[in-house]
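# Observations on the three-dimensional arrangement
Here is what each chain is made of, one letter per residue.
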Amino acid sequence: MLKWLSGFVDSNEKELKRLQPIVDRINSLEPEFEKLSDAELRAKTDEFKARLKAGSSLDELLPEAFTAVREAAKRTIGQRHFDVQLMGGVVLHQGKIAEMKTGEGKTLVATLPLYLNSLTGQGCHLVTVNDYLARRDPYWMGSIYHALGVSVASIYPQQTPDEHQPSRLYDPGSDSGDSRWRHFRPVSRKEAYEADITYGTSSEFGFDYLRDNMVMDLSQCAQRILNYAIVDEVDNLLIDEARTPLIISGPAEESGQIYQVFARLVPRLRPDVDYVVEEKERNVNLTDAGISNLEGMLKREGLLKSPNLYDPANYALTRYLESALKAQVMFKRDRDYVVKDGQVIIVDEFTGRMMFGRRYSEGLHQAIEAKEHVKVQRETMTFATITIQNYFRMYQKRAGMTGTALTEAEEFHKIYGLEVVVVPTHKPMIREDFPDQIYKDEKAKFRAVAREIEQLHNEGRPVLIGTVSIEKSEYLSDLLKRRGVPYEVLNAKYHEKEAGIIARAGEPGAVTVATNMAGRGVDIVLGGSLDGQGEAEWQEKHNKIVELGGLHITGTERHEARRIDNQLRGRAGRQGDPGSSRF
């Protein structure tokens, strides 16, 4: 492994040396593009398209196209791509994975290859890690694309019951009436895919592909050919969730009554006597005592068709039993799911977000509904399914970006044929990562966490606390409330307020308790968001926090995937800012 890693470091150095001349060429073109008027800059897109038709390749157009994007970004959002960001852009265009440390501006990097590849007219997709970023990123970068005459759309999962397959197109001339996304015009899915660039979540791209496979007529298909995709946080999607199947299903026969009977009987079974739990396999098995105990209960309910539970005549009952056991023992409220408006809503364990409209299969969701005493919905039958891994292998060219890919470089190469290139940071990283602290029990640990937070809050340093579940984040908030420490909670229950909470999370003495939601793609600015405060006031706050040591990250426990811990750590010490972290 070490030999393989040292070989990788050498080849990485060579790769970066190979990219340097391209970056130098882009820098040399910059003064020429600065002289262009806005109309002339926009006309460059038509010129590039004409040259492509005449036989030029995308690689030949790359330096000029990248210079055009850099110039448009300076004029519209006041940000100029650094040289390392240009390198990242070239890596993505070449169909590789760019590992860039958290806070290096991956959202801005993606505009370069997306613009270049959109010139072919076949559409480009950027796959975001959650529905908030699927809207934030195209809206934030929309003015860059608009200045170059390229259209950009966003597709994201259903947010409210009356919004079916929501999609938006960036159009500065329209006013949607929503203060957060004013220039987003609602469009159909087909129109969203006809835009030059489409941002969206992986599940929406995958489900649209499945829906297209179920249409009666080709004219009803929404997607075009799968040309080029950039996957943001590529390790999360292509490794953590690679085997997650996307399933489209319809209602099957009614059987809500039996679920309710089992939800009543299963809690009477005793752990370790009637059943044993296999944590690793996430399985629950009945013991002999448990089987005879349950047979007696089912007999009294009049459900047993023959004396032995595992007789073929009772085959249908065993399925309900397995679901009810799992729902009772393995699935916990406010960790795996939340109950909201009389519905059981799954919480994604990797992103900490509520997944509206998603349901567990094989009767598990119905068993949870019965356990929580809400209306048991009808069961479902599968009509179409695909795994995320298989869907993304269908793109003609794919690339990815993340802050944490090197640990899985071998896997990316074997399964997807993707190489990893580590792009250097713009400024050196000066965050301090303290060693882990381990406690005898959970109570002592949370007391220590609350103590540390109180101390840092009194010093005036902002703190972000990462918890693994909604339940833990609420337990910790309760401890802080008793100590009189003001705090904000960011978890799946309050995801509507997300942007506002993040905007304030970097203010002096701010305390934010979060689940994994705050881990990916979220920028916490020291001194708070610039909106609503003068530059001088912000600068003063910013300098004060930098002097105190920047944002501190407290992780209350380790996650099973090391990368998720690194993502949380990466919220501090962005772009050369000071910061510290401890688990």
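Here's what I pulled together on the structure shown here. The shown structure was predicted, so the numbers you read here are calculated from the model rather than taken from an experiment. Numbering of residues starts from 1 in every chain and runs along the sequence as written. Side-chain atom pairs in this predicted model are given and counted only at pLDDT of 80 or more, local residue features only at pLDDT of at least 70, and totals for whole chains, interfaces and linings cover all residues. Excluded from the side-chain calculations are hydrogens and water; all other atoms, namely the structure's heavy atoms, are used.

If you trace the nine strands from one edge of the open sheet to the other, you get S5-S4-S3-S6-S2-S7-S15-S1-S16, paired in mixed fashion. At either margin of the open sheet sits one strand with a lone partner, and together these are strand S5 (184-186) and strand S16 (420-422). Averaged over all pairs of adjacent strands, the angle between their axes in this sheet comes to 20°, without regard to strand direction. Its contacts with the sheet put helix H6 (residues 131-147) on strand S2 (124-128), strand S3 (152-155), strand S4 (167-170), S5 and strand S6 (197-201), and the angle it makes with S6 is roughly 165°. Strands were regarded as paired on the criterion that DSSP finds at least two bridges between them. The secondary structure listing takes helices from DSSP runs of H or I that are at least 4 residues long and strands from runs of E that are at least 2 residues long, numbered from the N terminus. Lines fitted to C-alpha atoms define the axes, with helix axes restricted to the stretch in contact, and inter-axis angles between N-to-C directions lie between 0 and 180 degrees. Contact criterion: two residues are considered in contact whenever any of their non-hydrogen atoms come within 4.5 Å of each other.

A few words now on the pairing of strand S11 (residues 337-340). In this sheet, strand S12 (residues 343-347) lies alongside S11 in antiparallel orientation, the contact comprising four bridges. Residue pairing across strands places Lys340 opposite Gln343, the latter belonging to S12. The hairpin turn running from S11 into S12, its antiparallel successor, is two residues long, and Asp341 in that turn takes a positive phi close to 50°.

The subject of this paragraph is the packing of aromatic side chains. Think of it this way: a Phe, Tyr or Trp ring, Trp meaning its six-membered ring, pairs with another when their centres are within 6.5 Å, and the plane angle makes it stacked under 30 degrees, edge-to-face over 60, tilted otherwise. Tallying each qualifying case throughout the model produces 13 aromatic pairs. Ring plane angle 55° and centroid distance 6.0 Å describe the contact between Tyr193 and Phe205, whose orientation is recorded as tilted. In this pair, Tyr193 sits in helix H7 (residues 189-194) while Phe205 sits in helix H8 (residues 202-212), placing the two residues twelve residues apart along the sequence. With a centroid separation of 5.7 Å and 15° between ring planes, the pair formed by Phe392 and Tyr395 is classed as stacked. Its relative accessible area of 1% is what places Phe392 among the buried residues. One aromatic cluster is present, built from ring pairs that chain together Tyr209, Tyr391, Phe392 and Tyr395. Distance and angle both matter: a charge sits over a ring if NZ of Lys or CZ of Arg is within 6 Å of the ring centre and within 35 degrees of the ring normal. Residue placement shows Arg135 over the ring face of Tyr156; its charged tip is 4.8 Å from the ring centre. Cation over ring: Arg558 sits above Phe583, and NZ or CZ is 4.4 Å from the ring centre. Burial status follows relative accessibility: with a 1.4 Å probe on protein chains alone, a residue under 20% of its type maximum counts as buried, one over 50% as exposed, and anything between as partly exposed.

By convention in this document, the label disulfide applies to cysteine sulfur atom pairs within 2.5 Å. Counted by the stated rule, this structure contains zero disulfides. Counting only cysteine sulfurs, Cys221 is the nearest neighbor of Cys124, a cysteine outside any disulfide, at a range of 20 Å. Given the relative accessible area of 0%, Cys124 is considered buried. For Cys221, a relative accessible area of 15% translates into the label buried.

Salt bridges are defined by distance alone: a side-chain nitrogen of Lys or Arg within 4 Å of a carboxyl oxygen of Asp or Glu. Throughout the structure, instances matching the rule amount to 33 salt bridges. The partner of Asp38 in a salt bridge is Arg75, and the shortest N-O contact between them spans 2.8 Å. Taken as a pair, Asp38 in helix H2 (residues 38-53) and Arg75 in helix H3 (residues 58-76) lie far apart in primary sequence, 37 residues in all. Here Arg211 makes a salt bridge to Asp208, at a shortest N to O gap of 2.5 Å. In this pair, Arg211 and Asp208 are both assigned in helix H8, three residues apart and thus about one turn of the helix distant. Here Asp208 falls in the buried class, since its relative accessible area comes to 3%. Because the salt bridges share partners, they merge into one network encompassing Glu30, Glu34, Asp38, Arg70, Glu71, Lys74, Arg75, Arg80 and Asp83.

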